[in-house]
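Working through the structure, step by step
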Amino acid sequence: MNAPRGFSVPAQSARDGLSPIKLARMLNVPRTRIERLVAGSTGVSPDTASRLAKVIKTTPELWLNMQTSFELARAADEIDLTAIQPIEADAA
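Residues numbered from 1 in each chain as written. Predicted model: local features only at pLDDT ≥ 70, side-chain atom pairs only at ≥ 80, totals over all residues. Heavy atoms only, no water.

1. Points about the overall build of the chain
The number of helices and strands found in the chain is five helices and zero strands. Secondary structure elements in the chain, listed N-terminal to C-terminal, are α-α-α-α-α. Expressed as a percentage of its 92 residues, the buried residues of the chain come to 23%. Counting contacts in the chain only where the partners sit at least 6 residues apart, residues at least 24 apart contribute 56% of the total. (Helix = DSSP H or I, 4+ residues; strand = E, 2+ residues; numbered from the N terminus. Buried < 20%, exposed > 50% of the residue type's maximum accessible area, 1.4 Å probe, protein only. Contact = heavy atoms within 4.5 Å.)

2. Remarks on the packing of helix H2 (residues 20-27) against helix H3 (residues 31-39)
Working note: a packed helix pair is described by the angle between its axes plus the distance between those axes. Closest axis-to-axis distance for the H2/H3 pair is 8 Å, and the angle between their directions is 120°. Regarding H2 and H3, the two cross each other, and that crossing is right-handed. Mapping the contact onto sequence places Pro 20, Ile 21, Leu 23, Ala 24 and Leu 27 in H2 and Arg 31, Ile 34 and Glu 35 in H3. A per-class count over the contact of H2 with H3 returns six nonpolar, no polar and two charged. (Axes fitted to C-alpha atoms, helices over the stretch in contact; angles between N-to-C directions. Left-handed = near helix turned anticlockwise from the far one by under 90°. Nonpolar A, V, L, I, M, F, W, Y, C, P; charged D, E, K, R; others polar.)

3. Concerning H2
The complete set of buried residues in H2 reads Leu 23, Ala 24 and Leu 27. Seen end-on, H2 carries its buried residues on one side only, within an arc spanning 100°. (Arc of directions from axis to C-beta.)

4. Side note on a nonpolar patch on the surface
Taken together, the side chains of Ile 79, Leu 81 and Ile 84 present a nonpolar region at the surface, about 320 Å² in accessible area. With respect to the secondary-structure elements, Ile 84 resides in the segment after helix H5 (60-78). (Patch = residues over 30% accessible without salt bridge, like charges linked within 9 Å, V, L, I, M, F, W, Y side chains within 5 Å. Areas by Shrake-Rupley, 256 points an atom, 1.4 Å probe, with all protein chains shown as cover. Salt bridge = Lys/Arg side-chain N within 4 Å of Asp/Glu carboxyl O.)

5. Section: the pattern of salt bridges
For the structure on display, the rule yields three salt bridges. As a salt-bridge pair, Arg 33 and Asp 47 come within 2.6 Å of each other at their nearest N and O atoms. Residue Arg 33 is found in helix H3, and its partner Asp 47 is found in helix H4 (residues 46-56); the two are separated by 14 residues along the sequence. Exposure remark for Asp 47: the relative accessible area of 35% places this residue in the partly exposed category.

Below you can see the structure in the form of structure tokens.
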């Protein structure tokens with residue numbers, strides 16, 4: 001479960017001079033969690049979403065929806081669904 005490289009607010013915070021260490025302290029999480037989010041090597045968990053929502057005054061759902069949208073877009077590019085047939089409604 002990866003996140004888009006430079007995922008949103010953590011990446012913006014880094015660009016604005018807020019170090020991963022400082023953001024991690026604000027969120028009460030390990031620095032490496034923020035670094036992995038910014039690098040795109042890990043996704044946003046419900047725990048991280050809740051913490052980001054509290055600090056940035058958003059909702060956990062915002063963060064989890066962004067993560068899910070990214071994963072669905074990536075899956076659409078990677079999965080071949082041509083051999084899968086939909087269930088036909090009963091003609092009764």
